[in-house]
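# Examination of the molecular architecture
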Amino acid sequence: MVKNKILITIFIFLFYFSGIEVIYTKNTGKPYFEKAYSIEKEDPDKAIQYYFRAIEEGLNYDLKKTALWRLHFIFKEKKQFIKAWKILNQIPHKNSVESKFFDDVKYYAKLQKEDFLRLYNAIIENNINEVKRIYLYASPILKREILDYYLEKNTDSVIQELALVDTYNNTIDSKLFLVSYYMEKNYYDKAEDILYDLSINNSESLTASYKEKILYLLGKIKREKSILDSIHYFLLSANYSTTSRDYEKELALAMYSLYRSGYEDIVYELSDYIYYIPNEPMQKLFILLVKTEKNPDKNNLFELKKLVATLNKESFLVQKAQKLLIANGFYE
């Protein structure tokens, strides 16, 4: 009898303390959850990382459910519907929540519920033909998410197939589409490799318009690596341009690279060949800044002041313009 009581006591003791350990372990991710919650509005991408880290480290049932709900709403807010649906499937939810989700899918992704679910299952099951079929008529928002999914999986071959779908099997256009996509994601080496491959293997079929675009894109890539190296490509691109505006746009890009590298005198000379003021605010600012530095008359200074008032005060060009305006008594 005494022996049984001792065994029961030991059992209760072990159960009690092991229970505490389980509860403690399950909530070790709480600091990451709190960090995610505190920065969610200011930096949702970072919050996503912290929420997933919190779940990985361990949360109790209520906190884990809350973390999943927050992830679902962040993804939905970012129009990342595939990820939002994956999370929603992990949480007990009402039909009204699901109904609202598919209303958003229909509005932004341009897919009915049935087609979205077919797409989701095709992605999970790696049914590429079905993915391509639905990708063709999905909205640009959803297309981007599908491409991003395969980029995260490092499956470039699928991305290439989808690019062909997007350009109706035009090989050159599909490669340029890929280049723009990779550049948008900061995969500059991948983009550069495609452009060089396109230049070598399709040289005979490249029109002047294609050559202009390839050289322009190479200039943008080079600018990210070594700004001086980009000048050559922008000038070559300008030589293949078919309109005066395109010529001046590419000339201005070469001028900007020279300007950032400290060759202002060359830029001032080249500015005489710019006749059209660009519509894009920062490009317009650069041309107006150069013209004003070269000739700081009242008209140029007044136009520069008006433009600066509408732009981000932290940018390099705005700060250069502010200094010029202050030096000429046009800025307080």
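Residues numbered from 1 in each chain as written. Predicted model: local features only at pLDDT ≥ 70, side-chain atom pairs only at ≥ 80, totals over all residues. Heavy atoms only, no water.

### What to know about the overall build of the protein
Keep this limit in mind: Secondary structure follows DSSP: runs of H or I at least 4 residues long count as helices, runs of E at least 2 residues long count as strands, and numbering of each begins at the N terminus. The atom set for the radius of gyration is the C-alpha atoms, and the globule formula is 2.2 Å times the number of residues raised to the power 0.38. Burial here depends on accessible area, computed with a 1.4 Å probe over protein chains only, as a share of the maximum for the residue type. Under 20% is buried, over 50% is exposed, and the range in between is partly exposed. The criterion used for residue contact is that any of the two residues' heavy atoms lie within 4.5 Å. Reported accessibility uses the Shrake-Rupley method at a 1.4 Å probe radius. Residues are deemed covered only where the shown protein chains occlude them. The charged-residue count follows a simple rule in which Lys and Arg add positive charge and Asp and Glu add negative charge, with His and chain termini not counted at all. The atom standing in for a charge is NZ when the residue is Lys, CZ when it is Arg, CG when it is Asp and CD when it is Glu.
A count of helical and extended segments in the protein gives 19 helices and 0 strands. Relative to a compact globule of 332 residues, whose C-alpha radius of gyration would be 20 Å, the protein shows 28 Å and is clearly more extended. Counting only C-alpha atoms and orienting by the principal axes, one finds that the protein spans roughly 105 × 55 × 35 Å. Expressed as a percentage of its 332 residues, the buried residues of the protein come to 40%. Residue pairs at least 24 apart in sequence account for 49% of intrachain contacts in the protein once pairs closer than 6 positions are excluded. In the form shown here, the protein has an accessible surface area of approximately 19,700 Å², with 53% of it arising from carbon and sulfur atoms. Charged side chains in the protein number 48 positive and 46 negative. The centres of these two groups are separated by 6 Å.

### Quick look at the side chain of Ser139
In plain terms, the rule: Any N or O atom pair separated by 3.5 Å or less is treated as a polar contact, with the protein-specific requirement of one donor-capable and one acceptor-capable atom, and with residues adjacent in sequence counted only for side-chain atom pairs.
For Ser139, the position within the fold is in the loop between α8 (128-135) and α9 (140-152). From its side chain, Ser139 meets the backbone oxygen of Tyr108 in a polar contact 2.7 Å long. Beyond its immediate stretch of four places on either side in the chain, Ser139 contacts Tyr108, Ala109 and Lys110.

### Considerations on the packing of aromatic side chains
Quick note on the threshold: Note on ring pairs: Phe, Tyr and Trp rings are taken, using the six-membered ring of Trp, and paired if centres are within 6.5 Å. Classes follow the plane angle, with under 30 degrees stacked, over 60 edge-to-face and the rest tilted.
A complete count under the given rule lists 20 aromatic pairs for this structure. Between Phe101 and Phe116, the ring centres sit 5.9 Å apart and the planes meet at 70°, which makes this aromatic pair edge-to-face. Linking Phe101 in helix α6 (residues 95-109) with Phe116 in helix α7 (residues 113-124), this pair joins segments that are 15 residues apart in sequence. Like Phe101, the residue Phe116 is buried in the burial classification.

### Observations regarding the confidence of the model for the protein
Cut-off, in case you're wondering: Values of pLDDT, which run from 0 to 100, indicate the predictor's confidence residue by residue.
Summary statistics for the protein give a mean pLDDT of 89 and a share of 92% for residues scoring 70 or more. For the protein, helix α1 (residues 2-26) is the element with the lowest average pLDDT, namely 44, and α7 is the one with the highest, namely 97. Low confidence marks residues 6-25, where pLDDT is under 50. Its contacts with residues over four positions away, or in another chain, come to 2 contacts.

### A closer look at helix α4 (residues 61-77)
Applicable threshold: In this analysis, the expected span of each helix is defined as 1.5 Å times one less than the number of residues it contains.
Counted at 1.5 Å a residue, the expected span for α4 with its 17 residues is 24 Å, and the 24 Å between its end C-alpha atoms agrees. The complete set of buried residues in α4 reads Leu63, Ala67, Leu68, Trp69, Leu71, His72, Ile74, Phe75 and Lys76. Where α4 is buried, its residues touch α2 (30-39), α3 (44-57), α5 (81-88) and α6. Count one or two residues on from α4 and you reach Lys79, which has phi positive near 60°.

### Describing the packing of helix α10 (residues 156-166) against helix α11 (residues 171-184)
To characterise two packed helices, one gives the angle between the axes of the helices and the distance between these axes. The line we're drawing: Note on geometry: axes are C-alpha line fits, over the in-contact stretch for helices, and angles between N-to-C directions span 0 to 180 degrees. Oblique is the label for any angle not under 35 degrees, not over 145, and not in the 65 to 115 range, which are roughly parallel, roughly antiparallel and roughly perpendicular in turn. Less than a right angle of anticlockwise turn of the near helix away from the far helix marks a crossing as left-handed, whereas a clockwise turn marks it as right-handed. For this scheme, ten residues count as nonpolar: Ala, Val, Leu, Ile, Met, Phe, Trp, Tyr, Cys and Pro. Four count as charged, namely Asp, Glu, Lys and Arg, and the remainder, Gly too, count as polar.
Relative to each other, α10 and α11 sit at 120°, their axes nearing to 8 Å. Regarding the angle of α10 to α11, the classification is oblique. For the pair α10 and α11, the crossing hand works out as right-handed. Judged by residue contacts, Asp156, Ile159, Gln160, Ala163, Leu164 and Asp166 of α10 engage Thr171, Ser174, Phe177, Leu178 and Tyr182 from α11. Here the residues of the contact of α10 with α11 are counted per class, giving 6 nonpolar, 3 polar and 2 charged.

### Some words on α10
Rules: Think of the arc as the fan of directions from the helix axis to the C-beta atoms.
Among all positions in α10, only Val158, Ile159, Leu162, Ala163 and Val165 are buried. Axial view of α10: buried residues confined to an arc of 155°, hence all on one face. As for α10, its buried residues are in contact with α8, α9 and α11.

### Considering the environment of Leu136
You can see Leu136 is positioned in the loop between α8 and α9. A sequence separation of 26 residues divides Leu136 from Leu162, and the C-alpha atoms of the two residues are 8.4 Å apart. In this structure, Leu136 is in contact with Lys143, Val165 and Tyr168, ignoring residues within four places of it in sequence.

### Looking at a nonpolar patch on the surface
Applicable threshold: Excluding any residue in a salt bridge, patches collect residues exceeding 30% relative accessible area, merging like charges within 9 Å and nonpolar Val, Leu, Ile, Met, Phe, Trp and Tyr side chains within 5 Å. Salt bridge, as used here: a side-chain nitrogen of Lys or Arg that lies within 4 Å of a carboxyl oxygen of Asp or Glu.
On the surface, Leu136, Tyr137 and Tyr168 cluster together into a nonpolar patch covering about 350 Å² of accessible area. Position of Tyr137 among the secondary structure elements: in the loop between α8 and α9.

### A word on the pattern of salt bridges
Under the counting rule described, the total for this entry stands at 20 salt bridges. Asp148 is the partner of Lys185 in a salt bridge, and the nearest nitrogen-oxygen pair spans 3.1 Å. One end of the pair, Lys185, is in the loop between α11 and α12 (188-201); the other, Asp148, is in helix α9, and 37 residues separate them in sequence. In this structure, Glu192 engages Lys222 in a salt bridge whose closest nitrogen and oxygen atoms are separated by 2.8 Å. Of the two residues, Glu192 sits in helix α12 while Lys222 sits in helix α13 (residues 208-225), which places them 30 residues apart along the sequence. Pair check on accessibility: Glu192 and Lys222 agree, each one buried. The network of salt bridges with shared partners includes Asp189, Glu192, Lys222 and Lys225.

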